[in-house]
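If you want the building blocks of each chain, they are given just below.
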Amino acid sequence: MKIRYYKKIDGWRWLGFILAMVGAWVLSNANPDTQWLGWAIAVSSCSIWVYMGWKDKDVPRALMELMYLIIALRAIWNWLT
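This text gives an overview of the structure that appears in the document.

Regarding the overall build of the protein chain
Within the protein chain one finds 3 helices and 0 strands. Tracing the protein chain from N to C terminus, the helices and strands come up as α-α-α. Intrachain contacts of the protein chain at a sequence separation of at least 6 include 59% that bridge at least 24 residues. For the protein chain, the accessible surface area stands at approximately 5900 Å², while carbon and sulfur atoms represent 71% of it.

Listed below in structure tokens is the structure:
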């Protein structure tokens, strides 16, 4: 992959990054009452990164994020049920 793909880093990428950091922060608190919120934030972040991977034609990254998105949705389901 050439560097030209990374010349324009728009606001969506920054939002995805910030959401990923906030989600990791919430999940690392090890508070069972807020785990679902951390996974919900992770779903939001992954959705952005799946879109960016698809937009950049970076299929491996998009598929990796899609897998993490599915696991995060499963985690939310497990925490709420």
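Details of the nonpolar core
In this structure, Leu27, Trp39, Ala42, Val43, Cys46, Leu69, Ala72, Ala75 and Ile76 together form the largest nonpolar core, which totals 9 residues. Elements that contribute at least two residues to this core include exactly helix 2 (35–55) and helix 3 (59–80). With residues up to four places along the chain from it excluded, the contact list for alanine 72 reads Trp39, Ala42 and Val43.

A short note on the pattern of salt bridges
Between side chains of opposite charge, a pair can form when the charged atoms approach closely. One pass over the structure, following the stated rule, counts 3 salt bridges. Two residues, arginine 13 and aspartate 56, come together in a salt bridge whose shortest N-O distance is 2.9 Å. You can see arginine 13 sitting in helix 1 (residues 11–28) and its partner aspartate 56 sitting in the loop between helix 2 and helix 3, a full 43 residues away along the chain. Considered together, arginine 13 and aspartate 56 belong to a single accessibility category, that of buried residues.

Observations regarding the packing of aromatic side chains
Counting across every chain of the model gives 2 aromatic pairs. Ring centres 6.1 Å apart and planes at 85 degrees place the aromatic pair tryptophan 14 and phenylalanine 17 in the edge-to-face group. Of this pair, tryptophan 14 and phenylalanine 17 both sit in helix 1, 3 residues apart, which is roughly one turn of the helix. Residue classification places phenylalanine 17 among the partly exposed residues on the basis of a relative accessible area of 41%.

Observations regarding the packing of helix 1 against helix 2
Between helix 1 and helix 2, the shortest axis-to-axis distance is 8 Å and the interhelical angle comes to 155 degrees. One finds that helix 1 runs roughly antiparallel with respect to helix 2. By crossing handedness, the relation of helix 1 to helix 2 is classed as left-handed. Contacts from Trp12, Arg13, Leu15, Gly16, Phe17, Leu19, Ala20, Val22, Gly23, Val26 and Leu27 in helix 1 reach Gln35, Leu37, Gly38, Trp39, Ile41, Ser44, Ser45, Ile48, Trp49 and Met52 in helix 2. Classifying every residue of the contact of helix 1 with helix 2 by side-chain character gives 14 nonpolar, 6 polar and 1 charged.

Cut-offs and rules
- Residues numbered from 1 in each chain as written.
- Predicted model: local features only at pLDDT ≥ 70, side-chain atom pairs only at ≥ 80, totals over all residues.
- Heavy atoms only, no water.
- Helix = DSSP H or I, 4+ residues; strand = E, 2+ residues; numbered from the N terminus.
- Contact = heavy atoms within 4.5 Å.
- Areas by Shrake-Rupley, 256 points an atom, 1.4 Å probe, with all protein chains shown as cover.
- Core = buried A, V, L, I, M, F, W, Y, C linked by side-chain atoms within 4.5 Å.
- Buried < 20%, exposed > 50% of the residue type's maximum accessible area, 1.4 Å probe, protein only.
- Salt bridge = Lys/Arg side-chain N within 4 Å of Asp/Glu carboxyl O.
- Phe/Tyr/Trp six-rings, centres within 6.5 Å; stacked < 30°, edge-to-face > 60°.
- Axes fitted to C-alpha atoms, helices over the stretch in contact; angles between N-to-C directions.
- Parallel < 35°, antiparallel > 145°, perpendicular 65-115°, else oblique.
- Left-handed = near helix turned anticlockwise from the far one by under 90°.
- Nonpolar A, V, L, I, M, F, W, Y, C, P; charged D, E, K, R; others polar.

Distances and angles like these do not, on their own, reveal function.
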